[in-house]
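One-letter residues, chain by chain:
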Amino acid sequence: MTSLTPFLFLACPACTFERVMPGWLVFASLRLLVVLCISWRRLDPVRTLGAFVAFEVAYYYAWRLAVWYVHPAVSEGFVEWFALASLLILSAGIPAALFLFALSKLSYFRGTQSIPLTPRRAAFLLPAMLILSVLQGT
C-alpha cells in the first residue's frame, strides 16, 4: 500500500518527472537574475553568474532526482520522505543562499568594491527562490 503524498494525483512517475521541464530555462534565468540583483555591488557579476550557472546545472539534476523518488510508484518509506524533504529544501532556496554566502567569503568572487555580503542579504534569496519555485510548479 502506498502512502498519501502531494504527488499521488499525477498519473505516473514519468509525468511527474517531465511536468515542468519546458519552462525550466525561463525560471533558471529568473533565478540567475535574482542572484545577480542580491549580489550587486558586493560580488563580481561575471564570476558569480558563472558559478551560479554551474549551481543551476546541479540544482536541475538534484531537483529531477528528488521529483522522481518522491512519487509513490517509485519509492516508499524513508526514501520517499527523504526525497520530499530534499525537494522542499531545494525549492526553498536554502542551498542557493548558502552557496551565495560561501562565494562571498572567497576573494576571487568579491568585486572591486569591498562591501561585504552579509548572511542576512544572502537570506533574501530564500523568499525569492520559494516564489519562483511556486510559480514554476503551477
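Residues numbered from 1 in each chain as written. Predicted model: local features only at pLDDT ≥ 70, side-chain atom pairs only at ≥ 80, totals over all residues. Heavy atoms only, no water.

## Considerations on the packing of aromatic side chains
Then, number 1: Per the counting criterion, the structure on display carries 11 aromatic pairs.
Then, number 2: Arranged with centres 5.1 Å apart and planes meeting at 70 degrees, the rings of Phe52 and Phe99 form a pair that is edge-to-face. Of this pair, Phe52 sits in helix α3 (residues 45-70) while Phe99 is found in helix α5 (residues 94-105), placing the two residues 47 residues apart along the sequence.
Then, number 3: You can call Phe52 buried: its relative accessible area is 2%.
Then, number 4: On the basis of an interplanar angle of 75 degrees and a centroid distance of 5.1 Å, the ring pair of Tyr60 and Tyr61 is categorised as edge-to-face.
Then, number 5: By relative accessible area, which is 22% here, Tyr60 ends up partly exposed.
Then, number 6: Aromatic rings pair up to connect Trp24, Phe52, Phe55, Tyr59, Tyr60, Tyr61, Trp63 and Phe99 into one cluster.
Then, number 7: The ring of Trp24 carries Arg31 above its face, with NZ or CZ at 5.0 Å from the centroid. (Phe/Tyr/Trp six-rings, centres within 6.5 Å; stacked < 30°, edge-to-face > 60°. Helix = DSSP H or I, 4+ residues; strand = E, 2+ residues; numbered from the N terminus. Buried < 20%, exposed > 50% of the residue type's maximum accessible area, 1.4 Å probe, protein only. Lys NZ or Arg CZ within 6 Å of the ring centre and 35° of its normal.)

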